[in-house]
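# Tertiary structure, described
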Amino acid sequence: MKTAALPPAPSSHGLPDTTTLLQTMMSAYHQDENAAVKGLLSQLQGYDATAKAAVRERARGFIQNVRDNRRTFGGVDKFLNEFGLTTREGIALMCLAEALLRIPDSATADMLIRDKIGSAAWDQHLGKADDLFVNASTWALMLTGKVIADVDAAEVKDSSIGGYAGKLVSKLGEPVVRQAMLHAMKIMGQQFVMGRTITEAIDRARDSEKIGYRYSYDMLGEGARTAEDAERYFKNYQDAIDAIGKAAAGRGVHNAPGISVKLSALHPRYEYGNQARCIPPLVEKLRVLALKCAQYNIGLTVDAEEAHRLEISLKIIEAVFADPALGQWEGFGLAIQAYQKRCGQLIDWLARLCHDHNRRMMVRLVKGAYWDSEVKYAQVNGLPDYPVFTRKASTDVSFLVNAQKMLAHRDVFYPMFATHNAYTVAAIVEMAGADQTGFEFQRLHGMGEALYHQLTGTVAGTYPCRVYAPVGSHQDLLPYLVRRLLENGANTNFVNRLQNDKVPIDEMLVDPVDYVAALADKKHPKIPLPRDIYGDRPNSWGIEFAHTPVSQVLLAKVEAAANRLYTASPLIAGKAVTGSTSSKITDPADRRRSIGDVTMATANDMRQALDITAAAFESWNATPAHQRSDILDKTADLMEEHMAELLALCVREAGKTLPDAVAEVREAVDFCRYYAAEGRKHFATRTTLPGPTGESNVLQLEGRGVFLCISPWNFPLAIFLGQVTAALMAGNTVIAKPAEQTPLIAMRAVELLIAAGLPADAIAFLPADGELTGKILVPDARIAGVCFTGSTQVAQLINRTLAARDGAIVPLIAETGGQNAMIVDSSALPEQVVDDVITSAFRSAGQRCSALRVLYLAESIADKTIEML
């Protein structure tokens, strides 16, 4: 183990303390993209026209050499080029690879193959590539397609390759095809997986190590769902470290193979909301692994994962990195993502950390493998901006800027640059200047061989390259494989363009710095901000709890609001009706805690409410649609302004968790804006329709009268306002009856509607007994329609009461309860089943879910899923 210490951090180093740097990094989480990119462009030093010309010439040589040697090096690079995600065949392959190896029963496997392979045009790809692996795979897939298409050899009259293939395989049955496909998928898996076991992977790496390659082994397995999963992965890491350490034979952290570790594999609740629960055991597990690696003097790199996990990962990393028991071991490492806007600030924080603890760190700079999920996460959660750049070129710029920063910090970092982009490689070589030592390149197993053979292999051997090599059974390949296919399967990706002769080399030599600098708007024009994804209405504002500067402020407001007492009572014509008796409302999580009181409506209150809302109908129905829409939009804005108060009520009165409370308020906001937008479309104009005898009839959508809206307890704000705002937008006046368990939050919603400009007589709020409501209001002829969410039994009772009334049929819009069901076949990924059960069945159930029915079509997946649940 190395014993020489780093010199003390010079006072001129200029970096603030880690706390200040962490705050700076957090502020860049959802930074405006234009500002972020302009900031990057201003940081490049010495990257002038002369340097760019040198980079272009070096990159041109790399690319030409790759194309000239494609027969020697191919594999996954060329396979992705031939079967990219822009082709039907590429998508079919990804679906097969995603599921086929998990299917234990033959019938399901046959159906999956028939569905994904049978209709694809595999023969169009035959002979297009000059790589044996690609053509062999194409033959297998084409023959499979021929069999599944049930080609009759007697009908094949031509002598083409396709016709010969049809004759050749027409006598084979689906079982033969199935076995061939399983074998083909395993062969493809070998292109992505280094070995089934760490011993097998180390043995396979020996020949490459002789020509200068190094390895970082990734034990497949991420996203532990149970404590048993986490312990199994932990033991796998420990066993792998022992095997790697013995194979390292004292070569040192930089020259020896190392290991890559995912924190998500070490704890089933590795998330911000559970940080008090997950951080201590994760610190201890990572410390054990780090000490074991230090014992062998090999490297350990903590893999980068989703952006919302970065903050808690740094707490874990700082705690372990600062442990004095690690001595002067220089093998602790971290992967960082250039597509994150805060990558540069993270590098500053790491540099300060290394100086503070007098220890060097290995830092792997990657471009990022979760881009599409990060974009979707921000959109679904209504975040202010994206944590990642929306243009690939901006990520490339970020990579170059931060690579330059890391090279300048080689006193505290051992930089590791992970890229398959020849231009990026050439730029880093140029940026390193005269000192071409103290850093390495990295590539994925099975990819980038032709490029890095020019730098590391027998041709030159000047620059070390480490291969990121997954290890594990093919069944465990799924999450890694799908990320690799999505990351590298697009036709705009450098890996694909590198192999495609139709793409001129000059087109691949466009400098990303020049390209981005010339853009007036650095944001991608086809990727709107999360707020703007709907076009005709704003997306509701969400909260990223994993962003401490934002969540701390909100949570303090929520706590203050949660400590207040609230009151609910009948609200008629804007005036609260106070009765002589009221009842306490308590927190369902702790019945000892009172959160307010409620006065229930009487029969007289109901009659008065009906009188007033019926009298107000004509005026409200005549209100122009755009004015009604404006009131709903204003209500949505007010709910966002009062987010903390509404969250507190959802938590205290309805017993919701904070994430579910946020989802509840956001759904209510979205309902308001959705119905406002729809109202402008459908109620603001008159439609002319031809009459039966040729005359024109003018159709104007109008309200029906007074709507009775009855909502449930489990969505006390969203469904309550969804019913109410839809009826109001259509020109109806409303009597709103909340669930008996949740009147406080419903009354606050009505108050906000009135504050937004809704005429007070257009709505009446009646916290009331359900039986009394059914007796007094439902039979009244002035009730023009009922919106109801609740049990099927009550809905049927309302339906019978309405049907018994004289006159026209009265609309009943009923959303009734039932059991959630999920059908899981043997192709399903158990981890995904668990996620779907929790999010779809439990959190998003339209009614209370007392039991979840899951029909398993395979015993093996049932056992594993039940264990996780």
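Up top you'll find the structure we're talking about.
For the structure given in this document, a descriptive report is provided here. Not measured: the values here are computed from a predicted model. Residue positions within a chain follow its written sequence, with the count starting from 1. Totals for whole chains, interfaces and linings use all residues, but because this is a predicted model, local features are given only for residues with pLDDT of at least 70 and pairs of side-chain atoms are given and counted only at 80 or more. Only hydrogens and water are set aside when side-chain values are computed; all heavy atoms of the structure are taken into account.

## Section: the packing of aromatic side chains
Centre distance within 6.5 Å is the pairing criterion for rings of Phe, Tyr and Trp, where only the six-membered ring of Trp is used; planes under 30 degrees apart are then read as stacked, over 60 as edge-to-face, and the remainder as tilted. In total, this model carries 13 aromatic pairs according to the counting rule given. Arranged with centres 5.8 Å apart and planes meeting at 10°, the rings of Tyr 215 and Tyr 217 form a pair that is stacked. Residue Tyr 215 is classed as buried on the basis of its relative accessible area of 3%. Assessed through its relative accessible area of 1%, Tyr 217 is described here as buried. By the criterion adopted, a ring carries a charge over it if an Arg CZ or a Lys NZ lies within 6 Å of its centre and within 35 degrees of its normal. Above the plane of the ring of Phe 321 lies Arg 359, whose end atom (NZ or CZ) is 5.4 Å from the centre. Just above the ring of Tyr 534 sits the side chain of Arg 537; from NZ or CZ to the centre is 4.1 Å. The rule is simple: take the accessible area with a 1.4 Å probe, protein chains only, and divide by the maximum for that residue type; under 20% is buried, over 50% is exposed, in between is partly exposed.

## Description of the sheet that holds strand S12 (residues 583–587)
By this definition, two strands are paired if DSSP reports at least two bridges between them. Secondary structure counts use DSSP, requiring at least four H or I residues in a row for a helix and at least two E residues in a row for a strand, with both numbered from the N terminus. Taken in spatial order, the three strands line up as S9-S13-S12 in an open sheet, and their pairing is mixed. Each edge of the sheet is formed by a strand with only one pairing partner; in this case those strands are strand S9 (566–568) and S12. Neighbour to neighbour, the strand axes of the sheet diverge by 50° on average, direction disregarded. Looking at chain direction, S9 and strand S13 (residues 590–598) are connected through three bridges and run parallel. Considered in S13, the bridge of Tyr 566 is made with Gly 596. Contacts are assigned to residue pairs that have any heavy atoms within 4.5 Å of one another. Each axis is a line fitted through C-alpha atoms, taken for helices only over the stretch in contact, and angles between the N-to-C directions span 0 to 180 degrees. Across the face of the sheet, helix H25 (residues 643–654) comes into contact with S9, S12 and S13 while running at roughly 95° to S12.

## Details of the sheet that holds strand S2 (residues 258–261)
Strand pairing in a sheet relies on backbone hydrogen bonds, with the paired strands running either antiparallel or parallel. Here eight strands make up a closed barrel; going around it, the order is S1-S2-S3-S4-S5-S6-S7-S8 and the pairing parallel. On average, each strand axis in the sheet is inclined to that of its neighbour by 30°, with strand direction left out of account. Pairing of strand S1 (residues 213–219) with strand S8 (residues 465–471) involves seven bridges; the strand directions are parallel. Following the sheet pairing, Arg 214 is matched in S8 by Arg 466. Contacting S2, strand S3 (300–302) and strand S4 (332–337), helix H12 (residues 275–296) runs over the sheet at an angle of about 150° to S3. Across the sheet, helix H16 (residues 392–408) lies against S4, strand S5 (361–366) and strand S6 (413–418), angled at about 155° from S6, the strand it touches most.

## Considerations on the pairing of strand S19 (residues 783–790)
Of all the eight residues making up S19, eight are buried; the element is thus mostly covered by neighbouring parts of the structure. When strand S16 (residues 706–710) meets S19, the two strands line up parallel, connected through five bridges. Bridge pairing in S19 links Val 706 to Ile 783. In terms of strand pairing, S19 meets strand S20 (residues 812–816) through five bridges, oriented parallel. Looking at the pairing, Gly 790 lines up with Thr 816 of S20.

## Here we look at the nonpolar core
The nonpolar side chains of a soluble globular protein tend to be buried, and buried together. By nonpolar core is meant a set of buried Ala, Val, Leu, Ile, Met, Phe, Trp, Tyr and Cys residues that side-chain atoms within 4.5 Å join together. Ranked by internal contacts, the top residues of the largest apolar core, which has 176 residues, are Tyr 47, Tyr 217, Ile 259, Phe 332, Ile 336, Phe 417 and Phe 441. Excluding residues that lie within four positions of it along the chain, Phe 441 makes contacts with Phe 417, Val 425, Ile 428, Val 429, Tyr 452, Leu 455, Tyr 463, Pro 464, Cys 465 and Arg 466.

## Brief notes about the packing of helix H27 (residues 718–729) against helix H28 (residues 743–755)
Remark: H27 packs on H28, axes separated minimally by 10 Å, with the N-to-C direction vectors making an angle of 30°. As summarised for this structure, H27 and H28 are arranged roughly parallel, according to the angle between their axes. For the pair H27 and H28, the sense of crossing is right-handed. Within the contact between the two elements, H27 uses Phe 720, Leu 721, Val 724 and Leu 728 and H28 uses Ala 746, Ala 749, Val 750 and Leu 753. Of the residues contributing to the contact of H27 with H28, the split by class is eight nonpolar, no polar and no charged. For classification purposes, an angle smaller than 35 degrees is called roughly parallel, one larger than 145 roughly antiparallel, one from 65 to 115 roughly perpendicular, and anything else oblique. Left-handed describes a crossing in which the near helix is turned anticlockwise from the far one by less than a right angle; the clockwise case is right-handed. Here the nonpolar group is Ala, Val, Leu, Ile, Met, Phe, Trp, Tyr, Cys and Pro; Asp, Glu, Lys and Arg are the charged ones; every other residue, Gly included, is treated as polar.

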